[in-house]
Amino acid sequence: MEVNSVRKPRTVVVDDSRFMRGLITDLLDDAGVPVVGEAADGAEALDVIKEANPDAVTMDLEMPNMDGIEAVERIMDEQPTPVLMLSAHTEDGAEVTFEALEKGAVDFFTKPGGEVSMGVSQHGEQLVSTIRSVADADLAQASRQAEADQQRQPASPTTGGVTETGLKPFDDQRTILIGSSTGGPDAVEQVMSELPAGDCRVIITQHMPEAFTARFADRLDESSRYDVKEATDGTRIGAGEAVVARGGSHTEITGYSNGRIRIGLIEEDLGLSVHPAVDVTMQSAAEMITDPMTGVILTGMGSDGADGICAIQEAGGRTVAQDEASCVIYGMPKRAVEAGCIDEVCGLNEIATTIRELVP
């Protein structure tokens with residue numbers, strides 16, 4: 001039995017809405033997750049966390065007196081505790097959520113639009129699962145990634161045939177497929193910022209809602225040597241280009257010719273608990289792409305990606321998994337390793353170099 005299935009993390013709920021605090025508390029209590037404190041703003045949260053010493057915190061973003069971003073920064077400085085951000089399902093919500101992740105928050109859960117109480121209740125099981133996962137996160141690793149993310153500079157073009165990473169540019173028509181979940185935004189950004197330019201194409205599948213993936217693509221575009229955009233139905237990508245799977249749907253490879261990949265979107269959930277799913281993207285790539293491929297599984301909870309990475313290996317591609325020591329959540333990489341489909345396991349700092357050197 002997995003640890004997460006019986007985990008009962010002591011949780012503090014922070015939200016300026018009394019109704020929302022009560023709703024989240026009820027959802028957690030019903031699932032056997034004890035709520036040991038509540039707070040109406042970030043300043044009050046600091047006192048409650050010091051007194052209750054919880055395993056996890058749910059944190060609203062927009063609150064009076066002290067907002068969620070400042071509260072996360074103070075928590076990480078004064079009493080490091082895993083924080084799950086609750087954010088609006090909007091582009092503005094995405095922007096501030098990424099800022100909270102940069103301050104050290106482990107993950108986020110989107111508040112649905114419209115009738116909030118109905119939306120959260122429908123996603124109660126997912127909320128509880130996410131809280132349990134966040135409580136098990138390697139907070140030290142999350143903080144290291146957040147610090148590195150804040151210090152990262154925009155990528156520079158190649159100079160003299162060698163990138164700033166010291167790696168020579170790719171000179172083959174390789175496709176790199178990256179899958180990640182909890183802790184993934186910072187991990188993916190680090191890998192992309194360190195990848196050399198060249199003739200390869202990159203497809204990124206990060207578990208993330210629809211309102212967030214376009215902004216995520218923009219961030220990767222700014223921090224990498226690749227032209228990165230959110231996937232749309234019919235998108236084609238070639239050398240030096242990358243796409244981020246759109247949230248709320250699945251991204252598949254529908255065609256491949258002369259080094260160019262055609263992308264398709266599947267709006268149905270296919271009975272899967274996550275969408276976009278890494279498995280869908282990787283399995284379709286294994287079926288359609290005939291040139292060299294490299295599959296990469298980064299930090300995240302669950303087992304998504306294990307079947308897909310095996311399909312890539314069976315198709316002749318090479319495969320890489322992030323090691324436990326550098327993962328915020330060692331779930332997806334662990335399942336991929338246990339499936340026996342990983343060629344190399346390495347730390348986050350070595351992923352880009354390993355991709356470059358692990359040539360089919």
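Residues numbered from 1 in each chain as written. Predicted model: local features only at pLDDT ≥ 70, side-chain atom pairs only at ≥ 80, totals over all residues. Heavy atoms only, no water.

Student: Summarise the overall build of the protein; cite the residues concerned and give the values.
Tutor: Looking only at helices and strands, the protein features 14 helices and 15 strands. By the burial criterion, 57% of the 360 residues in the protein qualify as buried. For the protein, restricting intrachain contacts to residue pairs at least 6 apart in sequence, the fraction spanning at least 24 positions comes to 73%. About 14,300 Å² of surface is accessible on the protein, with carbon and sulfur atoms providing 44% of the total. (Helix = DSSP H or I, 4+ residues; strand = E, 2+ residues; numbered from the N terminus. Buried < 20%, exposed > 50% of the residue type's maximum accessible area, 1.4 Å probe, protein only. Contact = heavy atoms within 4.5 Å. Areas by Shrake-Rupley, 256 points an atom, 1.4 Å probe, with all protein chains shown as cover.)

Student: Which residues make up helix H2 (residues 18–30), and what are the values?
Tutor: For H2, spanning 13 residues, the distance from its first C-alpha to its last is 18 Å, which sits close to the expected 18 Å at 1.5 Å a residue. Buried within H2 are the following residues: Met20, Arg21, Leu23, Ile24, Thr25, Leu27 and Leu28. Directly after H2, the chain includes Gly32, whose backbone phi takes a positive value near 80°. (Expected span 1.5 Å × (residues − 1).)

Student: Requested: an account of the sheet that holds strand S11 (residues 250–257), with residues and values cited.
Tutor: Reading across the sheet, the three strands line up as S9-S12-S11 and stay open at both edges, with antiparallel pairing between neighbours. Of all strands in the sheet, those with a lone pairing partner are strand S9 (236–237) and S11, marking the two edges. Two strands pair when backbone bridges link them, and S9 and strand S12 (residues 260–266) are joined in this way by two bridges, in the antiparallel orientation. Residue pairing in the sheet places Ile237 in a bridge with Ile261 of S12. (Pairing = 2+ DSSP bridges.)

Student: Could you give an account of the state of the cysteines, with specific residues and numbers?
Tutor: Scanning the entire structure with this criterion turns up one disulfide. Paired through a disulfide, Cys310 and Cys341 show a sulfur-sulfur distance of 1.9 Å. Of note, the bridge from Cys310 to Cys341 carries an S-S torsion of about 95° and is right-handed in sense. A residue pair is termed long-range when its members are at least 10 positions apart, and Cys310 in helix H12 (residues 306–314) and Cys341 in the loop between helix H13 (332–338) and strand S15 (344–346) qualify at 31 residues. With relative accessibility at 11%, the residue Cys310 sits in the buried group. Its relative accessible area of 7% is what places Cys341 among the buried residues. (Disulfide = S-S within 2.5 Å.)

Student: I'd love a proper account of the nonpolar core, names of residues and values included.
Tutor: Formed by 76 residues in total, the largest nonpolar core has its most connected members in Met59, Ile178, Met192 and Leu195. With residues near it in sequence (within four places) discarded, Met192 still touches Ile178, Val202, Ile204, Leu220, Ser224, Tyr226, Val228 and Ala242. Counting residues in hydrophobic clusters, the runner-up holds 24 residues, among them Ile203, Ile263, Ile309 and Cys341. (Core = buried A, V, L, I, M, F, W, Y, C linked by side-chain atoms within 4.5 Å.)

Student: Explain the pairing of strand S13 (residues 293–297) to me, using residue names and the numbers behind them.
Tutor: Looking along a regular strand, one sees side chains alternate from face to face of the sheet. Counting buried residues in S13 gives five out of five residues, a clear majority hidden from the surface. Because side chains alternate across S13, one face comprises the buried residues Met293, Gly295 and Ile297, and the other comprises Thr294 and Val296, equally buried. Pairing of strand S6 (residues 175–180) with S13 involves five bridges; the strand directions are parallel. Among the inter-strand pairings, Leu177 is bridged to a residue of S13, identified as Gly295. Read as a crossover between parallel neighbours, the route from S13 over H12 to strand S14 (residues 318–322) is right-handed. (Right-handed = clockwise from strand over helix to strand, strands pointing away.)

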